[in-house]
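# Structural overview
This is what each chain is made of:
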Amino acid sequence: MAPVDLNALREAKLPVVWVLGGPGSGKGTQCDKIIAQYGFTHLSTGDLLRAEVASGSDRGKNLTAIMERGELVPNDVVLDLLKEAMLTKVATSKGFLIDGYPREKDQGIAFEKEILPCTIILYFDASEDTLTKRLLGRALSSGRADDNEETIKLRLQTFLKNNDLVLALYPEKLKRINAEASVDEIFNQVQSEMNAIVS
Ligand code: AP5
Ligand code: MG
């Protein structure tokens, strides 16, 4: 990729919310509600990767196999996609919801060094049992290549291997949300955290 000029992002000084949690914890569901209420720009790294695959680009060619194995795609690919997407939105954005990133500790370090500091982390905390049930439910209709029993197990393993190491780096920014509750109850918790960072 050609180098991108990130000055516009740095100068805009917009809030950045990292939205984290296991596969199926409700990141996308809650982001839809946050957009409706707060008008932030939602960028899901999973969605960006699936769009890259669908575009037929060279960069997208190897990604499907990695995602079907429930593994993480290389950090530079994800960070480049995020930078490009953030730059296209910066002029009109009120803030960014970065959904599904960082999934591994070096991703967080690179983001803050190269783009912007994260303002808070919304972490959706749910048991493995709950995550598996939700994903198996969604598998019936999602059409996602990684929504099948075997890949769901692998996605959970990847998450469990990395998650504590990521969260441990940000004790002050970390906002733990109990994600076992109903969508609306979870959103009540989310609102308390979002209200504290928007003026
Ligand atoms: P990604 O697309 O981000 O998948 P994921 O993290 O596995 O999470 P999901 O999108 O499946 O779940 P979600 O938390 O958004 O939950 P949702 O709201 O949909 O990533 C896919 C792959 O891309 C990764 O495995 C990896 O290979 C790659 N990738 C992505 N980011 C990467 C990165 N940073 N680095 C490297 N690789 C990366 O909800 C799930 C279901 O539950 C829905 O049916 C929903 O209706 C239901 N539900 C939601 N909330 C509730 C509730 N409170 N009660 C009951 N049901 C609920
Ligand atoms: Mg999602």
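The following paragraphs examine the structure supplied in this document. Keep in mind the model is a prediction, meaning the values are calculated, not measured.

## Things to note about the site of ligand 1
Among the 31 residues in the neighbourhood of ligand 1, the closest are listed as Thr-29, Glu-71, Arg-103, Arg-138 and Arg-155. Burial of ligand 1 by the protein chains amounts to 85% of its free accessible area of 1,000 Å². Judged by the fraction of its atoms near the pocket grid, ligand 1 is located in the largest pocket. Of all the elements in the fold, those that place two or more residues in the shell around ligand 1 are helix H2 (27–38), helix H3 (45–55), helix H7 (128–142) and helix H9 (183–195).

## A look at the nonpolar core
In this structure, Trp-18, Met-86, Ile-98, Phe-111 and Ile-121 are the most contacted members of the largest nonpolar core, which totals 35 residues. Elements represented by at least two residues in this core include exactly strand S1 (16–21), helix H4 (63–68), helix H5 (75–89), strand S3 (96–99), helix H6 (105–114), strand S4 (120–125) and helix H8 (149–167). Setting aside anything within four residues of it in sequence, one finds Ile-98 in contact with Val-16, Val-17, Trp-18, Val-19, Leu-43, Leu-82, Met-86 and Phe-111. With 19 residues, the next largest nonpolar core counts Val-17, Phe-40, Leu-156 and Ala-179 among its residues.

## A few points about the sheet that holds S4
Strand order in the open sheet made by the five strands is S2-S3-S1-S4-S5, with parallel pairing throughout. A strand with exactly one partner marks an edge of an open sheet, and here the two such strands are strand S2 (41–44) and strand S5 (174–178). Looking at each pair of strands side by side, their axes are set apart by 20 degrees on average, direction ignored. With five bridges connecting them, S4 and S5 associate as parallel partners. Bridge pairing in S5 links Leu-122 to Lys-175. This element, H3, spans S2 and S3 of the sheet and lies at about 65 degrees to S2.

## Description of the pairing of S3
The alternating pattern of S3 places Phe-96 and Ile-98 on one face and Leu-97 and Asp-99 on the opposite face, and all of these are buried. The sheet contact formed by S1 and S3 spans four bridges and is parallel. Its bridge partner lying in S3, Val-17 is registered against Leu-97. Both S2 and S3 contribute to a ladder of four bridges, which runs parallel. Bridge pairing in S3 places His-42 opposite Leu-97.

Thresholds applied
Residues numbered from 1 in each chain as written. Chains lettered and ligands numbered in written order. Predicted model: local features only at pLDDT ≥ 70, side-chain atom pairs only at ≥ 80, totals over all residues. Heavy atoms only, no water. Near = heavy atom within 4 Å. Areas by Shrake-Rupley, 256 points an atom, 1.4 Å probe, with all protein chains shown as cover. 1 Å grid on protein atoms, 1.4 Å probe; cavity = no way out; pocket = protein on both sides within 12 Å on 5 of 7 lines; lining within 4 Å. Sits in = over half its atoms within 2 Å of the grid points. Helix = DSSP H or I, 4+ residues; strand = E, 2+ residues; numbered from the N terminus. Core = buried A, V, L, I, M, F, W, Y, C linked by side-chain atoms within 4.5 Å. Buried < 20%, exposed > 50% of the residue type's maximum accessible area, 1.4 Å probe, protein only. Contact = heavy atoms within 4.5 Å. Pairing = 2+ DSSP bridges. Axes fitted to C-alpha atoms, helices over the stretch in contact; angles between N-to-C directions.

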